[in-house]
Amino acid sequence: MKTLKGKGVSGGLTLGRIVHLVREKKREASAEKGTPEQELRRFETALASALSQLEAVHERARRALGESDAEIFAVHRMMLEDDDFLGAVKEEIKRGTGAETAIESACERFGGMLAATDDPYLSARASDLRDVSGRLISCLSGTAAPVLMGENIILCADELAPSETVMLDTSRVLAFVTARGSAGSHTAILASGLGIPAIVGLGEELLSVAEGAVAIVDGDAGELILSPSPEALDLAREKAGKNEKRKERLSALRGKPSRTRDGREILLYANVGTAEGALEALSGDAEGIGLFRSELLYLGRSTYPSEQEQYRIYRRVLEEMGGRRTVIRTLDVGADKQADYLGLASEENPALGLRAIRFCLLHPEILRTQLRALYRASVCGTLAILFPMITSEWELREVLALCDAVKRELGEEGARIAERVELGIMIETPAAAIISDRLAPLVDFFSVGTNDLVQYTLACDRGNRALDRFCDPHHEAVLRLIEHSAKNAHAEGKWIGICGELAADPTLTETFLRMGIDELSVSPPLVLSLRETVRSLDLSRK
Ligand code: PEP
Ligand code: MG
């Protein structure tokens, strides 16, 4: 028996088998192309993984959107089974062209033929062909979905990138364990969203644990127990029994108010990021969605989601939330949230680089498409739109002007939009917190993103485990910035919530309530335990 210690970032206990994440090797763009035989083999392998990816995406979309909306992925699969297209790529490779270029040129040829037809259905398929070709090329370059083998998996990796997490088939994963990563990393966010245990920062030794080894993951203690002894297994079962009892106690709080003993009510919302987000929020008994991370819809794919594709997802989430407030954050990419097609240049300091609202202000068409989809969906529920990474008043004014332009444009087209859509900003930079008195009059609400606020206030990379000692999320500077923002929001009659991971920290719930925070948004499986904490507090006692 051997125990590896790390940082538990999502609680719970489970027993399973270690499965290492297999990534296809990423080929350097500059890499020499192989012989035609080697390139053909690369192509065949990429084709097989693109087909199995599409099968999984089709299935997921069918569950999320229904058969007719998911149909497009069946069409994509058919394109990848088309003998003419495949034959053209292979011929080109046999003539000595590299696999990537051969796919591109076949796509151009066949796409051109489709676009030139008079049939509107067929000409619209040209962009689908580009999408599947992009997927094939991603598979060739190793930016494909990670491959998972087996069931009841303890998924083991050095670290998981957001673009990988969105493509994982998580239904077979019991727990995540990573060698690197920190509490603010996306492995942590993903695991707590799924309500499964996770430990990060277990060290490089983790990567040499034998595939298939039996192990216990104790997310509360931050321990991975390898080849557990019979005693350790008994202890684990006992703990699991206690967890079950706790779950029963918490489920008695479903539908109960999130009210302190002295009568102060707080809104408890959920953080989600997929088309199934509303179901997750409702099953966690959240009173609304406090953060819908829309960027997850943009990751793990090879082209931008279209306005219509986004509209369907937002509409579905809003309808399912049945009038409960649903805060959807606009695209927050850059830093660790990457996809090849976004064309983000590599930066020396990506966390301080072209990300979130900065990226959108430099590419207003992308934000405009998203805002059109959001405003069109707004009639289906109670939508609020949230803008990430604001640091200056001018940025906010530009964003608000774009919202006005989009509303005007939709009005002219005769589209219906909700009478009231609240607009808010993330307070996740010290700058935004400090000038929150200037920003508050311009918006309807603030939402504090503590993951980034901690990183930027304390100058600590949120993904760097080596900084744990220095990166204290309870640091007085962070808490003062939150309190300052709350005061400024309330002075203008606006509400303020917290949607970063700190919102779920029960040791701070009382502090946040005393600051006047109106809403806390956490992973769906954490809503009920936070409600239990809120209901145990008595703010009348000093
Ligand atoms: C945050 O920064 O606290 C936040 C909620 O946003 P993200 O974790 O997606 O950066
Ligand atoms: Mg953030």
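Only a predicted model underlies this, so the values are computations on that prediction, with no experimental measurement involved. (Residues numbered from 1 in each chain as written. Chains lettered and ligands numbered in written order. Predicted model: local features only at pLDDT ≥ 70, side-chain atom pairs only at ≥ 80, totals over all residues. Heavy atoms only, no water.)

(A) Inspection of the overall build of the protein chain at higher detail. Helix and strand counts for the protein chain come out as 19 helices and 16 strands. The buried share of the protein chain, reckoned over its 542 residues, is 53%. The long-range fraction of contacts in the protein chain, counting pairs at least 24 apart against all pairs at least 6 apart in sequence, stands at 70%. Surface exposure of the protein chain reaches about 24,000 Å², of which carbon and sulfur atoms provide 51%. A distance of 4 Å separates the average location of the 67 positive side-chain charges in the protein chain from that of its 83 negative side-chain charges. (Helix = DSSP H or I, 4+ residues; strand = E, 2+ residues; numbered from the N terminus. Buried < 20%, exposed > 50% of the residue type's maximum accessible area, 1.4 Å probe, protein only. Contact = heavy atoms within 4.5 Å. Areas by Shrake-Rupley, 256 points an atom, 1.4 Å probe, with all protein chains shown as cover. Lys, Arg positive; Asp, Glu negative; His and termini not counted. Charge placed at Lys NZ, Arg CZ, Asp CG, Glu CD.)

(B) Highlighting the nonpolar core. Formed by 88 residues in total, the largest nonpolar core has its most connected members in Leu371, Phe387 and Phe512. Filtering out sequence-adjacent residues up to four positions away, phenylalanine 387 remains in contact with Thr330, Ile357, Leu371, Val399, Cys403, Leu423, Gly424, Ile425 and Met426. (Core = buried A, V, L, I, M, F, W, Y, C linked by side-chain atoms within 4.5 Å.)

(C) Molecular detail of the coordination of the magnesium ion (ligand 2). Within the protein, Glu428 (OE) and Asp452 (OD) serve as the donor atoms for the magnesium ion (ligand 2), at 2.0 to 2.1 Å. Highlighted residues: glutamate 428 in the loop between strand 13 (422–427) and helix 14 (430–434) and aspartate 452 in helix 16 (residues 450–458), separated in sequence by 24 residues. There is no split in this pair, since glutamate 428 and aspartate 452 are both buried. (Donors = N, O, S within 2.8 Å, 3.2 Å for Na, K, Ca; no water.)

(D) Summary view of the sheet that holds strand 10 (residues 289–293). Here we have eight strands rolled up into a closed barrel, ordered 9-10-11-12-13-14-15-16, and parallel in their pairing. Averaged over all pairs of adjacent strands, the angle between their axes in this sheet comes to 25°, without regard to strand direction. As defined by bridge partners, strand 10 adjoins strand 11 (residues 325–329) across three bridges and the pair is classed as parallel. Counterpart to phenylalanine 292 in the pairing with strand 11 is isoleucine 328. Each of strand 13, strand 14 (445–448) and strand 15 (495–498) is contacted by helix 17 (residues 476–491), which is oriented at about 155° to strand 15, the strand it contacts most. (Pairing = 2+ DSSP bridges. Axes fitted to C-alpha atoms, helices over the stretch in contact; angles between N-to-C directions.)

(E) Representation of the site of ligand 1 within the structure. In the vicinity of ligand 1 lie 15 residues, with Arg293, Arg329, Gly449, Asn451 and Arg462 positioned nearest. Interatomic distance of 3.0 Å between a backbone N/O atom of threonine 450 and an oxygen atom of ligand 1. Isolated, ligand 1 exposes 290 Å² of accessible area, and the fraction of that covered by the protein chains is 100%. Within the residue set of the shell around ligand 1, elements represented by two or more residues are strand 10 and helix 16. The element that contributes the greatest number of residues to the shell around ligand 1 is helix 16, accounting for three residues. Within the shell around ligand 1, the residues separate by chemical class into four nonpolar, four polar and seven charged. (Near = heavy atom within 4 Å. Polar contact = N/O pair within 3.5 Å; in protein donor to acceptor, adjacent residues only side chain to side chain. Nonpolar A, V, L, I, M, F, W, Y, C, P; charged D, E, K, R; others polar.)

(F) Geometry of the sheet that holds strand 1 (residues 2–5). Here eight strands make up an open sheet; going across it, the order is 1-8-7-3-4-5-6-2 and the pairing mixed. At either end of the open sheet lies a strand with only one pairing partner, and these are strand 1 and strand 2 (7–10). For this sheet the average axis-to-axis angle between neighbouring strands, irrespective of direction, equals 30°. Two elements, strand 3 (residues 13–20) and strand 4 (residues 153–157), share four bridges in a ladder whose sense is parallel. Its bridge partner lying in strand 4, histidine 20 is registered against cysteine 156. Contacting strand 2, strand 5 (173–178) and strand 6 (198–200), helix 7 (residues 186–194) crosses the sheet at an angle of about 160° to strand 5. Across the face of the sheet, helix 8 (residues 230–251) comes into contact with strand 3 and strand 7 (214–218) while running at roughly 120° to strand 3.

(G) Examining the pairing of strand 14 more closely. Here strand 14 shows two buried faces, one formed by Phe445 and Ser447 and the other by Phe446 and Val448. In this structure, strand 13 lies alongside strand 14, joined through four bridges in parallel fashion. Each residue of the ladder has a partner; that of glycine 424, found in strand 14, is phenylalanine 445. Bridge count between strand 14 and strand 15: four bridges; the pairing is parallel. By the bridge assignment for strand 15, valine 448 is matched with isoleucine 498.

(H) Just the environment of tyrosine 341, in detail. Considering the arrangement of structural elements, one finds tyrosine 341 in the loop between strand 11 and helix 11 (356–362). With relative accessibility at 19%, the residue tyrosine 341 sits in the buried group. If sequence neighbours within four positions are ignored, tyrosine 341 has contacts with Tyr298, Arg301, Ser302, Thr303, Tyr304 and Pro305. A polar side-chain atom of tyrosine 341 sits 2.7 Å from the main-chain carbonyl oxygen of tyrosine 298.

(I) Focus on the packing of aromatic side chains. Applying the stated rule across the entire model yields five aromatic pairs. Here phenylalanine 85 and phenylalanine 110 contribute two aromatic rings whose centre-to-centre distance is 5.9 Å and whose plane-to-plane angle is 90°, an arrangement assigned as edge-to-face. Of this pair, phenylalanine 85 sits in helix 3 (residues 83–94) while phenylalanine 110 sits in helix 4 (residues 99–115), and the two are 25 residues apart along the sequence. Classification of phenylalanine 110 by relative accessible area gives buried; the value is 14%. When the ring of phenylalanine 445 is compared with that of tryptophan 495, the centres are 4.5 Å apart and the planes differ by 5°; the resulting orientation is stacked. Pair noted here: phenylalanine 445 is in strand 14 and tryptophan 495 is in strand 15, with a separation of 50 residues, a long-range link. Residue tryptophan 495 is classed as buried on the basis of its relative accessible area, which comes to 13%. Aromatic rings pair up to connect Tyr298, Tyr304 and Tyr341 into one cluster. The ring of tyrosine 311 is capped by arginine 376, whose NZ or CZ atom sits 4.1 Å from the centre of that ring. One cation-aromatic arrangement involves arginine 469 over phenylalanine 470; the distance from NZ or CZ to the ring centre is 6.0 Å. (Phe/Tyr/Trp six-rings, centres within 6.5 Å; stacked < 30°, edge-to-face > 60°. Lys NZ or Arg CZ within 6 Å of the ring centre and 35° of its normal.)

(J) A look at the domain arrangement of the protein chain. For the protein chain, the domain assignment lists domain 1 (2–23 + 146–230), domain 2 (36–141) and domain 3 (267–536). Spacing between the C-alpha centres of domain 1 and domain 2 amounts to 33 Å. (Domains from an automatic or database assignment.)

(K) Broad picture of unusual backbone geometry. Here serine 227, not a glycine, exhibits a phi torsion of approximately 40°, which is positive. Along the chain, the position of serine 227 falls in the loop between strand 8 (223–226) and helix 8. Of note in this structure, aspartate 285 is not a glycine but carries a positive phi near 70°. Examined against the element boundaries, aspartate 285 turns out to sit in the loop between helix 9 (277–283) and strand 10.

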